[in-house]
Amino acid sequence: MVVFAEYIWMDGHQPTQKLRSKTKVLPDLDEVTRPDQLPAWGFDGSSTNQAPGDNSDCHLEPVRVYPDPIRGHPHVLVLCEVMLADGVTPHPTNPRAALREVAEQTAEHEPWFGLEQEYTLMQGMTPLGWPDNGYPAPQGPYYCGVGADEVFGRDIVEAHMDACTEAGLGITGINAEVMPGQWEFQIMGKGALEAADDVWIGRYLLYRIGEDFGVSATVHPKPVKGDWNGAGMHTNFSTKAMREEGGMAVIEAACEALGKRHEHHIKMYGAHNAERLTGLHETQSIEKFSWGVSDRGASIRIPLATAQQGFGYLEDRRPAANADPYVLNRLLLETIVLGVTDTPETDTPESVALTA
Ligand code: ADP
Ligand code: MN
Ligand code: MN
Ligand code: MN
């Protein structure tokens, strides 16, 4: 049968990488369920900030396949890693490769990741539902609101949730956020790569479905300046030891470890995050590190239920909505599970940029 395969990859855009995709028509394939059924492919890296024009070929290596909820069966979405032209060396703009290694080293700890992806729907330069000039009524009624005067874009959000479910993502919920036009979807993954891959495909589907409604979505952490909530990507994290009897001590030790590496995490938790982490709007200041039970003004929150039962998970509230889940998940595993304390200068958001 004929399969349309949408190859999806991360580009070299700075300071925040974006998604690119193109379609391969595969005329004679059986049901596609695994990446090894699909051919590698290439693209022009000079058009994506990934290669100079005189040496422009980059390699796309399929790493995960999802049923395509947009085109339907038998078509697929193909998540790819970008490799150099040799086909095996990860490109500098491929942050998944570094997570792959750390995920393998830590797999025995069975880490789970629950990522809360906040985003803002936009009509042109204005959040969806906002007046062309001026502002809506102040924040208060919008979070988890209902009614045409309080929430904007629910048709898009519902279509997105359907699509995520059909694609098999680990989506666990959606909600309207504190700022009007702002929403959240949550992805739960039992494995660092699974969770991060699903977030990236969740973002792809959001942008793609937005096209059909003439609405775009942004993950900028502070899309509107002033007294409006920013957008984050709270990351809920646990290991097997945290989820078992005695887990609270493991969670507290994790909080201490995170505090010691605060600056490094912040450096890697998304561009423009200082505009969001002000100490207001349910955030801790970017300069400070704190953790506490049920505290939404802390850097790390331990949910009340976790404290009460003595085991569970922690929530890192620092990541910006535009953070890269490959980087986030890698840092959490390094700091909490592997006990890494150093903050290599070579590990920078720009280290993925093309320096050639
Ligand atoms: P909040 O109250 O912060 O808005 P959400 O319900 O939006 O929380 O998101 C919490 C996320 O954490 C969900 O995706 C959920 O599946 C995930 N989660 C629940 N338990 C765990 C756990 N033990 N480890 C990691 N993530 C978890
Ligand atoms: Mn949430
Ligand atoms: Mn939220
Ligand atoms: Mn949260």
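Further up the page is the structure itself.
Definitions and limits used
The residue count restarts for each chain, going from 1 along the sequence in the order it is written. Key to labels: chains lettered from A, ligands numbered from 1, both in the order written. Two thresholds apply to this predicted model, a pLDDT of at least 70 for residue-level local features and 80 or more for giving and counting side-chain atom pairs, whereas whole-chain, interface and lining totals are computed over all residues. Side-chain numbers here rest on the full set of heavy atoms in the structure, without hydrogens or water. Only N, O and S atoms count as donors, using a 2.8 Å cut-off from the metal and 3.2 Å for Na, K and Ca, and because water is excluded some sites may appear unfinished. In these notes, residues near a molecule or strand are those with any non-hydrogen atom within 4 Å of it. Polar contact criterion, stated in full: a pair of N or O atoms within 3.5 Å, where within protein one must be able to donate a hydrogen and the other to accept it, and residues adjacent in sequence count only if both atoms are side-chain atoms. Every accessible area reported is derived by Shrake-Rupley at a probe size of 1.4 Å, with residue values counting cover from the shown protein chains alone. Secondary structure elements are defined from DSSP: runs of H or I of at least 4 residues count as helices, runs of E of at least 2 residues count as strands, and each element is numbered from the N terminus. When residues are sorted by character, Ala, Val, Leu, Ile, Met, Phe, Trp, Tyr, Cys and Pro go into the nonpolar class, Asp, Glu, Lys and Arg into the charged class, and all the rest, Gly among them, into the polar class. Note on exposure labels: buried denotes an accessible area under 20% of the residue type's maximum, exposed denotes more than 50%, and partly exposed covers the range between, all computed with a 1.4 Å probe on protein chains only. Note on pairing: DSSP must find at least two bridges between two strands before they are called paired. Axis lines are fitted to C-alpha atoms, over the contacting stretch for helices. Their N-to-C directions set the angle, which ranges from 0 to 180 degrees. If an angle is under 35 degrees, it is roughly parallel; if it is over 145, roughly antiparallel; if it lies from 65 to 115, roughly perpendicular; otherwise it is oblique. Crossings are assigned a handedness: left-handed for a near helix turned anticlockwise from the far helix by less than a right angle, right-handed for a clockwise turn. Residues count as neighbours in contact if any of their non-hydrogen atoms are within 4.5 Å of one another. Buried Ala, Val, Leu, Ile, Met, Phe, Trp, Tyr and Cys residues that are joined via side-chain atoms within 4.5 Å together make up what is termed a nonpolar core. These domain limits were set by an automatic method or by a database of domain assignments. Helix span is expected to be 1.5 Å times the residue number reduced by one. What makes a patch is a set of residues exposed beyond 30% relative accessible area and free of salt bridges, joined within 9 Å when like-charged and within 5 Å when nonpolar (Val, Leu, Ile, Met, Phe, Trp, Tyr). One side-chain nitrogen of Lys or Arg within 4 Å of one carboxyl oxygen of Asp or Glu is enough to make a salt bridge. We score Asp and Glu as negative and Lys and Arg as positive, and we do not count His or the chain ends. Note that the charge is assigned to NZ on lysines, CZ on arginines, CG on aspartates and CD on glutamates.

Colleague: Any details on the coordination of the manganese ion (ligand 3)? Residues and values, ideally.
Modeller: Around the manganese ion (ligand 3), the protein supplies E118 (OE), E177 (OE) and E184 (OE) as donor atoms, at distances of 2.1 to 2.2 Å. On the primary sequence, the residues serving as donors to the manganese ion (ligand 3) are separated as E-x58-E-x6-E.

Colleague: Can you explain the site of ligand 1? Please cite residues and give values.
Modeller: Taken together, 15 residues surround ligand 1, and among them E116, T172, E184, S238 and E315 come closest. In the environment of ligand 1, an oxygen atom lies 3.2 Å from a nitrogen or oxygen atom belonging to the side chain of Q186. Protein chains bury 75% of the 580 Å² of accessible surface belonging to ligand 1 in isolation. Those elements giving two or more residues to the shell around ligand 1 turn out to be β6 (112-123), β9 (182-189) and β11 (235-238). Grouping the amino acids of the shell around ligand 1 by side-chain chemistry returns four nonpolar, five polar and six charged.

Colleague: I'd like to hear about the coordination of the manganese ion (ligand 4), residue by residue, with values.
Modeller: Taken together, the protein ligands of the manganese ion (ligand 4) are E116 (OE), E116 (OE), H234 (ND1) and E315 (OE), with distances of 2.0 to 2.5 Å. Spacing between the donor residues of the manganese ion (ligand 4) along their common chain follows E-x117-H-x80-E. Exposure remark for E315: the relative accessible area of 1% places this residue in the buried category.

Colleague: Describe the pairing of strand β1 (residues 3-10), naming the residues involved and giving the relevant values.
Modeller: For β1, the buried fraction is high: seven of the eight residues fall into the buried class. Pairing geometry for β1 and strand β2 (residues 19-26), over eight bridges, is antiparallel. Of the residues in β2, the one forming a bridge with W9 is R20. Alignment of β1 against strand β5 (residues 76-83), held across four bridges, turns out to be parallel. Within the sheet, the bridge partner assigned to E6 lies in β5 and is L77.

Colleague: Tell me about the packing of helix α2 (residues 154-167) against helix α3 (residues 192-213), and please be specific about residues and values.
Modeller: Following both chains from N to C, one finds α2 and α3 inclined at 135°, their axes separated by 9 Å at the closest point. The orientation of α2 relative to α3 falls into the category oblique. In this structure, the crossing between α2 and α3 has a hand that is right-handed. Residues D155, I156, A159, H160, A163, C164 and A167 of α2 pack against G202, L205, L206, I209 and F213 of α3.

Colleague: For the nonpolar core, give the residues involved together with the corresponding values.
Modeller: What tends to happen in soluble globular proteins is that the nonpolar side chains get buried as a cluster. Core analysis: the largest hydrophobic core is formed by 65 residues, its most contacted members being Y119, L121, L205, F237, L314 and I336. At 11 residues, α3 tops the list of elements feeding residues into this core. A domain split of this core shows at least three residues from each of domain 1 (3-91) and domain 2 (103-337). Residues in contact with I336, not counting those within four places in the same chain, are F237, M242, A254, L258 and L314. Counting 17 residues, the second largest nonpolar core, distinct from the first, contains V3, Y7, V32 and F43.

Colleague: Break down the side chain of E315 for me, with residues and values.
Modeller: When you line up the elements, E315 lands in strand β14 (residues 314-316). In terms of polar contacts, E315 uses its side chain to reach the side chain of R301, at 2.6 Å. Reaching out from E315, the side chain makes a polar contact with the side chain of R317 at a distance of 3.0 Å. Other than its neighbours up to four places away in sequence, E315 contacts E116, H234, T235, N236, S299, I300 and R301.

Colleague: An account of α3 is requested, with residue identities and associated values reported.
Modeller: If you check α3, its first and last C-alpha atoms are 32 Å apart, about what 22 residues at 1.5 Å a residue would give, namely 32 Å. Burial analysis of α3 places 16 of its 22 residues in the buried class, the great majority of the element. Note on α3: the residue one or two positions beyond its end, G214, has a positive phi of about 65°.

Colleague: So, a negative patch on the surface: which residues are in play, and what are the values?
Modeller: There is a patch of like negative charges on the surface, built from D155, E158, D162 and E166. Within the secondary structure layout, D162 lies in helix α2.

Colleague: Before we move on, could you go through the sheet that holds strand β3 (residues 41-44) and cite the residues and values that matter?
Modeller: Within a sheet, each strand pairs with its neighbour through backbone hydrogen bonds, oriented either parallel or antiparallel. Here five strands make up an open sheet; going across it, the order is β2-β1-β5-β4-β3 and the pairing mixed. Of all strands in the sheet, those bounded by a partner on one side alone are β2 and β3. Shown here is a sheet whose adjacent strand axes are inclined to one another by a mean of 40°, direction ignored. Pairing of strand β4 (residues 57-67) with β5, which is carried by eight bridges, proceeds in the antiparallel orientation. Across the sheet, H59 pairs through a bridge with M83, a residue of β5. Of the strands in this sheet, β1, β4 and β5 are in contact with helix α1 (residues 95-106), which crosses β5 at around 90°. Against the sheet, α3 contacts β1, β2, β4 and β5, and its axis sits at roughly 95° relative to β4.

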